[in-house]
Amino acid sequence: MRYPFKEIEPSWQKKWADQNLYRSVADPSKPKYYVLDMFPYPSGDGLHIGHPEGYTATDIVSRYKRMCRYSVLHPIGFDAFGLPTERQAMVENIHPRSITERNIATFTRQLKSFGFDYDWSRSVNTTDPSYLRWTQWMFLQIYNSWYDPEMDKARHIDTLPIPKSIVSQHEIDEYIDSHRLAYLDHIPVNWCEQLGTVLANEEVDEWIEKGYTVERRPMRQWMLRITAYAERLLTDLNGLDWPAMTIEMQRNWIGKSDGSEIQFRVVSEYEEHEDMAASPRTHEQTITIFTTRPDTIFGATYLVLAPENELVDVITTPEYHDRVEIYRQVTTKKSDLERTELTKQKTGVFTGAFAINPATNERIPIWIADYVLAHYGTGAIMAVPGHDQRDFEFASTFSLSIVTVVAPFTEILEGSPDGRTAATAAFQPPTKAFVDDGINVNSANNMVSLNGLHTIDSKRVISEWLEERGFGRRAIQYKLRDWLFSRQRYWGEPIPIMFFDDGSKRALDDDELPLLLPDVADFKPAGTGESALATVTEWVDFIDKKTGKHARLETNTMPQWAGSCWYYLRYCDPQNNNEFCSKEAEQYWMGDSGIDLYIGGAEHAVLHLIYARFWHKVLFDRGYVSTSEPVRRLFHQGLILAEGKKMSKSLGNVINPDDMIDTFGADAIRLYEMFLGPLEASKPWSTQGIEGMPRFLDRVWRLVLESPLDDVECPRELDRVLHETISKTRADIESLSMNTAIAQFMIFVNVFTSSDIRPRKAIEQFLQCLAPFAPHITEELWMRLGHSTSIHLSAFPEADPTKLIKDEVQIVLQVNSKIRGKVMLSPDADEQTMEHAAMKDEGVMRHLDGKTIRKTIVVRGKLVNFIAS
RNA sequence: GCUUGGAUGGCGGAACUGGUAGACGCACGGGACUUAAAAUCCCGUGUUCCGUAAGGGACGUGCGGGUUCGAUUCCCGCUCCAAGCACCA
């Protein structure tokens, strides 16, 4: 007797859909549970076998929570704007909308064939006008916000105080624009000629790998001021139930550094440092540097500016001008990637200028080098070659002086206590910089001394001194940069801003949204660095009805991340035409904890999750959502590998889920993917290994149907297995250990199959345990057992703890910690009983023979160990 | 280089707060049923040594140490693998 999955699975899928069985309802009388899958991009290849792994896990949790009487929200939708679709459209010469529709249809069919319990009435599609309208609205909320540092939150732009000194409307507009959380900037970006678009830094590698070239080019771009949220994005990581790795990656990405900004006065080449106090300062110029090691300032022997630093023009002396210019030209042509690739060989040129080290009062040269990044800190550093490896390499290359001002603790301990010997010892030509904490040496002037101080104390002392003398102040820097938000693509959300001939601009009002893409036949990039939209004159160029002025629309569109920044909110109220989501729906589904469980790949650990957190915080500040964080619990499923490698089209090792369902059935695939191993681990797919699953389901089928079930009391031993199964299923679903729950199901089936009686109640409860994992077969069997309502709406069974207790447990008997026997005893047998029983054991007696017991260790319910000699 | 994980039979993996290592499955071997095969069911399966056998012993969770009566589990030091970051001063 075999389980006829081919008939049963599609037929239940249809019935469930007809009955709206999985419709989510915000029922205030019940607790809610929001379980979310990461937003799929409907690619032309359809689902691969890795997709259903995470989806099955959320499906199990969702079904389980429903049976535990939660109101469950488990939605799905499509992140459908994006470059691959646009490119496919060009290849096939049909509209991206058609490609999108086609791909979504395939994804939907495949997802449905797995029997997932999505509420399809809540499905969203980012390219849908009713969705993109709200993406544009979200953008405008960001655009119309500024970050108030005093209240530490974003507020409406109308609340921005305008300084009295600003009077003209033009200046006021500029001032406001410079404070918006969405702003225009002219910055060097990664331009890809073949794609006709800029790429985000994080997208560059991917396209270079595919053989495209990417160059740096300054362009006018929309930016989102995510840096305003750096500190909150960092500190709010603390309360999250997220994988440690992901939290660490986000911390790293934000990259907070605690240090000092220090000013170095620039002196002319001929100015002698002795008379620096007396010399007339005609053009006082200072360079501000950022450092996390102010304690090493006595070892700062030169300064380095980033080639892009504006001060380079000001300070470079005439005779060095040409060399500096050539160097700057070369470096600006390099991409970030190329600049970092040349890790070993440091390059740079001298500017001819000098600065005064405020600690030593010495004159030190100012160089430019591309190992200093323009966009981090102040774009300038004090170089301490003795205690920074990069500075050391640079100084070695250009024969700049290297001074040791920190000695390792060990040298101090071995040398004289005041550190003098250590200092001398450290002057041996070093081969690399000493970058760890230590004890300061050679670090004194006539006002302050750090000698003998621990790095931690030195930092404090020198910072205070620098601050007192007006040379510097404590400062915090972040690696996080503002988010480049525009793309020169057709297939994305248009940015709802128009520009007038006088240079002013106007954001579209709510009643003018959505701003739809023009329906054009040719959506190839304009070839001018603008998107295809620039060529659609009747769309771009028009007379604005509200002002009567001639206007030109923004031709950039939003990046693909935009739609995925807030989709989880739309799911709460997807049909709403007046708001992105009603307050009630948001409060119900997102209330206090946000998304209760979010499962998706680790590849989104940083970008998607940091962008979405940022948008969410803006919405929170502006009063649109009730939590400061969107996702309480996050989980990354592992990859499913084929032949030890990631599945990919190019390797030709992709397993098609349609074939698998056709051969083995959806329930078997679901179970197999869960049984392979821990959800978070990468696991190899084996089409051979899957065989065990249809076999198991056949055994379930036979257990229920082969012989009539008995309406009898369940024997104690079987009852224990049942209650262990219930208890284990509950615990394992909560901890997402699906693999061990399934092992327990197998144990249940093995035990009950070999039993003479088939207690109906126990077998029904088992089916309820299995239902979240294998929804089709359990539903069919449930109905065949005479039920008239779905198993998936039944109440999940409760484990009775009294039934989990065993009559007898096996006690391990050891002599000198080696197992010499076993004995069955009541679990609450006392120490004496256990010891006596152990003494009588044959194996124990044999090994104790001729020996004296020195010590006896008894662990109740576990073991007896005789230490003898 | 840095960060975070990981390493257990032929394979995927299990093992609670230190207490029977190898649950469950795959594969393999043997048997039953069958004219035969498939399917199904039963038994066996870490390595090795002694014994004709029943049985008994030794070793065994990447490597080397340590703590402990006892370590896959805790501590120290390595090796290898995976993922991410990588001139962020």
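Residues numbered from 1 in each chain as written. Chains lettered and ligands numbered in written order. Predicted model: local features only at pLDDT ≥ 70, side-chain atom pairs only at ≥ 80, totals over all residues. Heavy atoms only, no water.

Counting residues in hydrophobic clusters, the biggest one holds 88 residues, and the most contacted among them are Tyr 34, Phe 139, Trp 483 and Trp 615. In terms of nonpolar packing, the next biggest core, distinct from the first, is built from 84 residues, Ile 49, Phe 107, Phe 116 and Phe 796 among them. (Core = buried A, V, L, I, M, F, W, Y, C linked by side-chain atoms within 4.5 Å. Buried < 20%, exposed > 50% of the residue type's maximum accessible area, 1.4 Å probe, protein only.)

Attention now moves to the pattern of salt bridges. For the structure shown, the criterion picks out 50 salt bridges. The salt bridge partner of Glu 554 is Arg 220, with a shortest N-O separation of 2.8 Å. With a gap of 334 residues between them, Glu 554 in the loop between strand 21 (550–553) and helix 18 (561–564) and Arg 220 in strand 7 (residues 215–224) connect regions that are remote in the sequence. Glu 554 gets classed as buried once you look at its relative accessible area, which sits at 2%. Through salt bridges with shared partners, a single network forms among Arg 506, Asp 509, Asp 511, Glu 512, Asp 544 and Lys 546. (Salt bridge = Lys/Arg side-chain N within 4 Å of Asp/Glu carboxyl O. Helix = DSSP H or I, 4+ residues; strand = E, 2+ residues; numbered from the N terminus.)

For any two helices packed against each other, one specifies the inter-axial angle together with the distance between the axes. Running from N to C, helix 24 (residues 692–705) and helix 26 (residues 738–753) point in directions that differ by 45°, and their axes come no closer than 10 Å. By the angle between their axes, helix 24 is oblique relative to helix 26. Taken as a pair, helix 24 and helix 26 cross one another with a handedness that is left-handed. Within the contact between the two elements, helix 24 uses Met 693, Phe 696, Arg 699, Val 700 and Leu 703 and helix 26 uses Ile 742, Phe 745, Met 746, Phe 748, Val 749, Asn 750, Phe 752 and Thr 753. Counted by class, the contact of helix 24 with helix 26 contains ten nonpolar, two polar and one charged residues. (Axes fitted to C-alpha atoms, helices over the stretch in contact; angles between N-to-C directions. Parallel < 35°, antiparallel > 145°, perpendicular 65-115°, else oblique. Left-handed = near helix turned anticlockwise from the far one by under 90°. Contact = heavy atoms within 4.5 Å. Nonpolar A, V, L, I, M, F, W, Y, C, P; charged D, E, K, R; others polar.)

To continue, consider the packing of aromatic side chains. Counting across every chain of the model gives 51 aromatic pairs. Counting every residue linked through ring pairs, the aromatic cluster contains Phe 139, Tyr 143, Tyr 147, Trp 222, Tyr 229, Trp 483, Phe 485, Trp 561, Tyr 611, Phe 614 and Trp 615. The ring of Trp 16 has Arg 63 sitting right over it, with the charged end atom 5.3 Å from the ring centre. Sitting over the ring of Tyr 183, Arg 225 keeps its end group 4.2 Å from the ring centre. (Phe/Tyr/Trp six-rings, centres within 6.5 Å; stacked < 30°, edge-to-face > 60°. Lys NZ or Arg CZ within 6 Å of the ring centre and 35° of its normal.)

As a further point, take the protein's contact with RNA strand B. What surrounds RNA strand B is a group of 53 residues, the closest being Ser 257, Thr 292, Tyr 376, Arg 390 and Ser 817. Restricting attention to atoms of RNA strand B within 4 Å of the protein, one finds that 66% of them are sugar or phosphate atoms. Within the side chain of Arg 699, an N or O atom sits 2.4 Å from a phosphate oxygen of RNA strand B. One of the side-chain nitrogen or oxygen atoms of Gln 810 is found 2.5 Å away from a base nitrogen of RNA strand B. Per-element tally for the surface near RNA strand B: the top contributor is helix 26, with six residues. In terms of residue class, the surface near RNA strand B is built from 22 nonpolar, 16 polar and 15 charged. (Near = heavy atom within 4 Å. Polar contact = N/O pair within 3.5 Å; in protein donor to acceptor, adjacent residues only side chain to side chain.)

By the definition in use, this model includes four cavities of 30 Å³ or more. Taken as a whole, the second largest cavity encloses approximately 40 Å³ of empty space. Lining the second largest cavity we find Tyr 568, Ile 595, Tyr 598, His 608, Leu 609, Ala 612, Arg 613, Pro 630 and Val 631. In terms of residues, the lining of the second largest cavity owes the most to one element, helix 21 (residues 607–621), which gives four residues. Here the lining of the second largest cavity is composed, by residue class, of seven nonpolar, one polar and one charged. (1 Å grid on protein atoms, 1.4 Å probe; cavity = no way out; pocket = protein on both sides within 12 Å on 5 of 7 lines; lining within 4 Å. Points joined across faces, edges and corners; volume = space filled by probe spheres on them.)

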